[in-house]
Structures are given as structure tokens and as C-alpha cells.
Amino acid sequence: MNIEDTHKLAGVIELLVDSSSRINEQKPKKYWYPLSMATYGIEEILEALDSLCSFRTTMWEKNSRFEEKFTGYQACHSSVMVNSGSSADLLLCHVLTNPAMPLVPAGSEIIVPVVTWPTQIWSAMMAGLKVRLVDVDPATLTMDMDAVEAAIGPETRAVFPVHLMGNPCDMDRLCALAAKHDLVIIEDCCESLGSEWDGKKVGNFGVGASFSFFFSHHITTMEGGMVICHDPEISRQMKVLRAHGWVRNIEADACDIEDEDIDPRYAFINWGFNFRPTDLQAGFGLHQLDKLPAFNEKRKELANRFFEYIDGIEHLQRPVAHVKSDPSWFALPLLISDDAPFRRRDLGCYLEDCGVETRPIVAGNIEKHPVSKLFDIFNREPHPGADRIHSNGLYLGLSPFHKMEDVERLIGCIQEFMDKY
């Protein structure tokens, strides 16, 4: 880089330093209470610039540092970063059916909740597993454990819970069912980074777990995700599957390469994907993870105030947490009671008109979507809990950069709506 380029870069950095303090003051014009807000600042921006200026933008040493740091936070054996939370789910499911070291037989049945982000379902299907969808308890938004127990059959080999909206599943009962029926547990923690069950972080109850670092999640790398595990060989296999089936990120001399004409640096020992992240993403993660404890404390503070209000309002319900759980809430979910004199659409439209951004609870009941016509896993049996969430549920944003006065104003908007009834 020549001296002229250096001066230009210095000017850019000065501009970024000046503007970064205003990042979270710039809200969308329509919404004064948006679903999500930027949680990154000057540290992340400068880290990205460092990667650009050093010409190390693809997966490099910052990725390794972030994986190590995340492993320490999560208290697991190892972490493998990928380019998105959806890729994390897909890699995790392919670990189960990995031809080099399968954890379940090909074509095994896996139990998945019917209310979830759809890529959790698609990932299991794409890995060659037979998906059995089960109902969700509208009181918690997590898997109905009675439905899970009833769904276990002779072909069931795995269960894939999602800790929806940051609310942990009943892991005591799920682990007991898994032990009784010899099931493998993998966890979708994409909305629950930092949530705990009985003092143990979610993601640590099975062979592995997925996390998402999308813009609106607990921490962000813009796009990005992580898969964690508790076994060194599974970690090794995940790195191979992440990068084309290539030996590049593992010890090549430990591989069985008999053909002396194969360059051991470019040996392929399995099939795989290209799920590799960039070092720009990992650089973001290094700083975001430092900020996570404060982020989650603020989320809890704001959520507790909002839920305290909702608990006193007739016809509105919020998810309840088990006494053993410590949720790190992803958002502020609401359910309209069946006997309410208004419907979800009424409340949602009112809030949108007031400048409050709303959305359904994830995708509602995925069986209600047009995609259900394409695959025979759908519409096998009724799911009344999911139907209720689909028809009566919505959620509002929760960001560590929302302010308490924002939540109080939000409460005021809801109260104004309720006063009409």
C-alpha cells in the first residue's frame, strides 16, 4: 500500500470513528421500535478493515481465534465456524449421517418441532433423515414433550429440539427420553445463545449444537454461524465436511492416503460443502463475544419489564419459562387468547401504525405454508399447539440497544389498544 492509499485509509477511519457513535440512533423512518438494531461499533469496523488491509479476508487466523474463544464461552470441546446459522444446522445434521463416521443409520427418523425456522427441517431432510414433526406447547413455544414421547417409534434415532425465542426446552425430560430410547440429541440454539438449563448452557446436552450470528441475533457477524461438539473426532469430521471433504484444516498425516501421487495438501477424504466463513465475520465475532454478557443482561432487563406488564393484561399471554431455565430472550413473543374480543391482525396492524415493527412467531406452523404441498412429511397429524401459535402469535423486537423508555412507550401503545376493549 503506497503513502497516498495510507492517507486515504486514515481519512476513512476518521470518518468511521465519527459515525460509529451514531449507528444506533439511525432507526428506520417508519419504525421507532424496530425488530432489531445494529449492535456493532468501531471495534468491529476497524477489525474488518484490518483484514482487508492485510489481504486476509477468507477463513484465516481470526476464525481460529474466534472458534477458540467461543469454545471457552460455551464450555464445550470445540467449535467450528460456518457462513450462516442455516449452514450450521445443515452441517450438524450431516454429522449424524456422515459416511465416514455415521452416528445414526441412513434413513433414520429424527424428531423436529413443527414451529421452527424452516432450515432446521430442510437440513434434516437434506441429510437423508426422515423428519417426524411434533407439536409445540404454546405456553412455552418449545417442543411438547408428551408429543415427543408419543412420536418415538422403531425407526426414531435422533431428536432435534430448538430453544425457540431463547426459551430452553425441558432438557431433563428430553434427556431422559433420549436415554430410554437410545436417541442422539442435536440442538438448534440459533435463537438462544447464553440461555441455560439448570445452570448449564444450552447446546451442551447432546453430541452437538448450532448457533446463528445473523444481524438480529444475540451477537452478529452479519451472516455467520457456529457448530459446537463434545468429541474430538466429530470436530475433525465437521471441519472436513465444512470444506469440500478436504483435509486442509485437519492433520493430513493422520489420513489414510495410499496413492503417493496425491498431494497430501490437496487430498479429499469425504464429501462436503463450502460453508467456510470469512475472517471479516470472525473478526466481528471476537469483539461481539466480549460484549455478549452485557447484551444479554440488557435483554433480560427489558424483557422482564415487558413481561411484567403483560402478566397483568387480560387476553395477552407471553411464554413461560421452566423454573430450571434461565432464558436469554431473543424477542418479545405474545399470544392472543382464544376468547379475546380482537384478533392478532388487529393488534399487529395497530402497533405497525404506531411505528412498532411486528412479525409472526418464526414461521408459525410450517404445515400451513405452500411448501407443505411438496413433501409428504407434512400434514400427517393435527398440531393444535402450533395452530394456536400460527393464528394467535406475534413477536416484537428485543435489542440491547433498545432503551427502557422505548419499552415503556411500547407498553403505552399496547395499553392504548387494550383500552378500546
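In this text, all values refer to a predicted model and were calculated from it rather than measured experimentally.

Participant: How should the overall build of the protein chain be read in this particular structure?
Facilitator: Within the protein chain, the secondary structure is distributed over twelve helices and 14 strands. Relative to the globule expectation of 22 Å for 421 residues, the C-alpha radius of gyration of the protein chain, 23 Å, shows essentially globular dimensions. Dimensions along the principal axes, computed over C-alpha positions, put the protein chain at roughly 80 × 65 × 40 Å. Classification of the 421 residues of the protein chain by burial places 55% in the buried group. Sequence separation of 24 or more characterises 72% of the internal contacts of the protein chain that already satisfy a separation of 6 or more.

Participant: Looking at this structure, how should I read the packing of aromatic side chains?
Facilitator: In this description, a pair of aromatic rings is defined by centroid distance and the angle of the planes. A complete count under the given rule lists 20 aromatic pairs for this structure. Both rings, one in W246 and one in F268, keep their centres 6.2 Å apart while their planes meet at 20°; by these two values the pair is stacked. With W246 in the loop between helix 8 (232-242) and helix 9 (279-310) and F268 in the loop between helix 8 and helix 9, the pair connects residues that are 22 residues apart, well separated along the chain. Exposure remark for W246: the relative accessible area of 10% places this residue in the buried category.

Participant: Which parts of the structure should I look at to understand the sheet that holds strand 12 (residues 332-336)?
Facilitator: Whenever strands of a sheet pair, they do so through backbone hydrogen bonds, lying parallel or antiparallel. Across the sheet, four strands lie side by side as 10-12-14-13; this open sheet has antiparallel pairing. Across the chains shown, the open sheet's two edge strands, defined by having one partner strand only, are strand 10 (316-317) and strand 13 (358-359). With respect to the sheet, helix 11 (residues 384-392) is in contact with strand 10, strand 12 and strand 14 (393-396), its orientation differing from that of strand 12 by roughly 100°.

Participant: Got a minute to help me understand the environment of R248 in this structure?
Facilitator: Here R248 is to be found in the loop between helix 8 and helix 9. Exposure remark for R248: the relative accessible area of 51% places this residue in the exposed category. Sequence separation of R248 and A386 is 138 residues, and the distance between their C-alpha atoms is 44 Å.

Participant: Quick question: what am I supposed to make of the sheet that holds strand 11 (residues 325-326) here?
Facilitator: On the basis of which strands lie adjacent, the open sheet formed by three strands has the order 7-6-11 and antiparallel pairing. One side of each edge strand has no neighbouring strand; the edge strands of this open sheet are strand 7 (200-201) and strand 11. In the sheet, strand 6 (residues 196-197) pairs with strand 11 via two bridges, with the strands oriented antiparallel. Each residue of the ladder has a partner; that of W197, found in strand 11, is S325.

Participant: Got a minute to help me understand the packing of helix 9 against helix 12 (residues 404-419) in this structure?
Facilitator: Each packed pair of helices is defined by two parameters, the angle between the axes and the distance between the axes. Put simply, helix 9 and helix 12 touch, their axes get as near as 10 Å, and they point 20° apart. When the axes of helix 9 and helix 12 are compared, the pair comes out roughly parallel. Along this stretch, helix 9 crosses helix 12, giving a crossing that reads as right-handed. Across the interface between the two elements, E301, L302, R305, F306 and Y309 of helix 9 pack against M404, V407, E408, L410, I411, I414 and Q415 of helix 12.

Participant: Explain the side chain of K62 here, please?
Facilitator: Tracing the sequence through the fold places K62 in helix 3 (residues 61-74). Among the residues examined, K62 registers a relative accessible area of 3% and is labelled buried. For K62, the contacting residues outside a window of four places in its chain are E47, D50, S51, D279, A282, G283 and L286.

Participant: Sorry if this is basic, but what is going on with the pattern of salt bridges here?
Facilitator: Any two side chains of opposite charge can pair, on the condition that their charged atoms come close. Going through the model one piece at a time under the given rule, you end up with 22 salt bridges. For the salt bridge of R65 with E61, the shortest nitrogen-to-oxygen distance reads 3.4 Å. Taken together, the residues R65 and E61, both in helix 3 and four residues apart, mark about one turn of the helix. Judged by relative accessible area, which is 34%, E61 ranks as partly exposed. A salt bridge links K324 to D198; the shortest N-O distance between them is 4.0 Å. Of this pair, K324 sits in the loop between strand 10 and strand 11 while D198 is found in the loop between strand 6 and strand 7, placing the two residues 126 residues apart along the sequence.

Participant: Where do I start with the environment of F214 in this structure?
Facilitator: Checked against the element boundaries, F214 lands in the loop between strand 8 (208-212) and strand 9 (225-229). For F214, a relative accessible area of 36% corresponds to the partly exposed category. With 129 residues separating them in the primary sequence, F214 and G85 have C-alpha atoms 7.3 Å apart. If near-sequence neighbours (up to four positions away) are discounted, F214 is found in contact with I219, T220, M222, E223 and G224.

Participant: Would you mind showing me how to read unusual backbone geometry here?
Facilitator: Working note: non-glycine residues mostly have negative phi, and peptide bonds are mostly trans. For A75, which is not glycine, the phi dihedral falls at a positive 60°. Checked against the element boundaries, A75 lands in the loop between helix 3 and strand 1 (78-82). Owing to a relative accessible area of 63%, A75 belongs among the exposed residues under this scheme. Unlike most non-glycine residues, D182 shows phi in positive territory, near 55°. Here D182 lies in the loop between helix 7 (171-181) and strand 5 (184-188).

Calculation rules
Residues numbered from 1 in each chain as written. Predicted model: local features only at pLDDT ≥ 70, side-chain atom pairs only at ≥ 80, totals over all residues. Heavy atoms only, no water. Helix = DSSP H or I, 4+ residues; strand = E, 2+ residues; numbered from the N terminus. Rg over C-alpha atoms; globule rule 2.2 N^0.38 Å. Buried < 20%, exposed > 50% of the residue type's maximum accessible area, 1.4 Å probe, protein only. Contact = heavy atoms within 4.5 Å. Phe/Tyr/Trp six-rings, centres within 6.5 Å; stacked < 30°, edge-to-face > 60°. Pairing = 2+ DSSP bridges. Axes fitted to C-alpha atoms, helices over the stretch in contact; angles between N-to-C directions. Parallel < 35°, antiparallel > 145°, perpendicular 65-115°, else oblique. Left-handed = near helix turned anticlockwise from the far one by under 90°. Salt bridge = Lys/Arg side-chain N within 4 Å of Asp/Glu carboxyl O.

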